[in-house]
Amino acid sequence: MASLLLRRSKTLLVPNHQHLQSKLASLLLGSGSTFINRHSSSQPFVASSSRYESTKAQAQLDLQHVIHDDHHDQFIDFPGGKVGFTSEMRFISDASHKRVPCYRVLDEDGEPMKHTNHVQVSKEMAVRMYSEMVTLQTMDSIFYEVQRQGRISFYLTSMGEEAVNIASAAALSSDDIILPQYREPGVLLWRGFTLQQFAHQLFGNTNDFGKGRQMPIHYGSNNHNYFTVSSPIATQLPQAVGAAYSLKMDGKSACAVTFCGDGGTSEGDFHAGMNFAAVMEAPVIFICRNNGWAISTPVEEQFRSDGIVVKGQAYGIWSIRVDGNDALAVYSAVHTAREIAIKEQRPVLIEALSYRVGHHSTSDDSTKYRPIDEIEYWKMERNPVNRFKKWVERNGWWSDKDELELRSSVRKQLMQAIQVAEKAQKPPLEDMFTDVYDKLSSNLEEQERELRKVIEKHPKDYPSDVPL
Ligand SMILES: Cc1ncc(C[n+]2csc(CCOP(=O)(O)OP(=O)(O)O)c2C)c(N)n1
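Below is a short write-up of the structure. (Residues numbered from 1 in each chain as written. Predicted model: local features only at pLDDT ≥ 70, side-chain atom pairs only at ≥ 80, totals over all residues.)

## Focus: the packing of helix α5 (residues 123-148) against helix α14 (residues 384-394)
Remark: α5 packs on α14, axes separated minimally by 10 Å, with the N-to-C direction vectors making an angle of 150°. Relative to α14, the element α5 is oriented roughly antiparallel. Regarding α5 and α14, the two cross each other, and that crossing is left-handed. Contacts from Ala126, Val127, Tyr130, Met133, Val134 and Gln137 of α5 reach α14 at Val385, Phe388, Lys389 and Val392. Looking at the contact of α5 with α14 residue by residue, the class counts come to eight nonpolar, one polar and one charged. (Axes fitted to C-alpha atoms, helices over the stretch in contact; angles between N-to-C directions. Helix = DSSP H or I, 4+ residues; strand = E, 2+ residues; numbered from the N terminus. Parallel < 35°, antiparallel > 145°, perpendicular 65-115°, else oblique. Left-handed = near helix turned anticlockwise from the far one by under 90°. Contact = placed C-beta atoms within 7 Å. Nonpolar A, V, L, I, M, F, W, Y, C, P; charged D, E, K, R; others polar.)

In structure tokens form, the structure reads like this:
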């Protein structure tokens, strides 16, 4: 097998990408991350830009492979590449008997795995990553309480998924365009969206970029290259491919990065997006947070495939499964995926295995459909923040004093931000109707008149703090 690997890699190396090729090859051949390409996972295949730069060579190699396997020189020259014949009637089974392994760098105790290969993280980067994970955690617990007190209408936490949020953001550049689902506020936090800005959005006041028109947690910011969260699941996926394609047309050294949950992969938009990305060779990274649940639907009722990672291969997309609770593994996979997406101009799929520790949202009680023991296990034993902390502490980069100072400072900032956001004025009623069209259309004018009439008739049913 090793000689086959070498032969293939030698033949397919393309001069101007040799550096990337050898880097990818070392990642793939080491015991670390393995991206699955369009070939069967039973045939390890050196990272190669063959399909995109030497399709002919690839077709010949494909053919050689078939010849070894089966009926020598018999093949059909079919659009898309030669297909060998076989006299054996063999159905491709529904799944391989072995599940795709999960790439990790740190074990549960924050100890680096033996022979792991990963992208190095400096002290400065590690401390920042840990600090932002703690900030996200604190933000979640305080805003969640604020909702329970009835001061905001809705909230949704990222508890248990702090590593996917922060480590993916850390591995990207601010020029990369983010199209989120909704459980990725950590990416925006990393990019510099302030706690005050989060609070303004949640309270839907005049400082909210969305002018209070969206439900809480529908953050978005042009300045941070972060598309506004949109409620219908998976719509962001084909849109991300379009955004990536525009980056490609402009020759930009950036990619689009889009997130979805395991539930999102059951939407048609997931499949349209993946296929569109592969065919258009768009520099887009799909990050699927497989957290086990889509509200009350467990993954076993969501799909029968080996998770999400295998779907990438079906569409001709490089894919990897990572431990989403291991910040270093997420960082390495996203960093490498970004290099592939930009340098090779092709999409990549990352399935991050994690767990939604919180309820789906403040409108949900997850103890009604899953055992409390399961939640506790992930919260305590597999906590991504604790795991990363152990590694940072072991390196001598973090102390108890740092921890106390950080937590109390973030708490104070949040309390202050909430006070300010709560007092700020709400946008006027007319803002409900503007900004979609340059000039208000006649049906919107009519709706506004109707609304005003209803408010006049039932003033007590409308919030007194919204200027009329
Ligand atoms: C098109 C569409 N269908 C249904 C919903 C209702 N809904 C909101 S969130 C959600 C679950 C999504 O789960 P998943 O993608 O796994 O993300 P997670 O919440 O676990 O992060 C559903 C069904 C929706 N918002 N949009």
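## Section: the site of the ligand
Of all residues adjacent to the ligand, which total 16 residues, the nearest are Ile233, Gly261, Gly263, Gly264 and Ala294. For the shell around the ligand, the secondary structure elements donating two or more residues are β4 (256-261) and β6 (293-294). Split by residue class, the shell around the ligand holds six nonpolar, six polar and four charged. (Near = placed C-beta within 6 Å.)

## Observations regarding helix α6 (residues 162-170)
Most of α6 sits inside the fold, with nine of its nine residues counted as buried. Within α6, the full set of buried residues consists of Glu162, Ala163, Val164, Asn165, Ile166, Ala167, Ser168, Ala169 and Ala170. Buried residues in α6 make contact with α5, α7 (185-190), β5 (284-290), α12 (327-344), β9 (348-353) and α14. (Buried ≥ 20, exposed ≤ 12 C-beta atoms within 10 Å, placed from the backbone.)

## Some remarks on the sheet that holds β9
One open sheet holds the five strands; their spatial order is β3-β4-β5-β9-β8, and the pairing between them is parallel. The sheet is open, and its two edges are formed by β3 (177-179) and β8 (318-323), each paired on a single side. Sheet twist, expressed as the average angle between the axes of neighbouring strands with direction ignored, equals 20°. Sheet topology places β4 next to β5; six bridges connect them, and they run parallel. In the sheet register, alanine 256 faces β5, and the bridge partner there is valine 284. (Pairing = 2+ DSSP bridges.)

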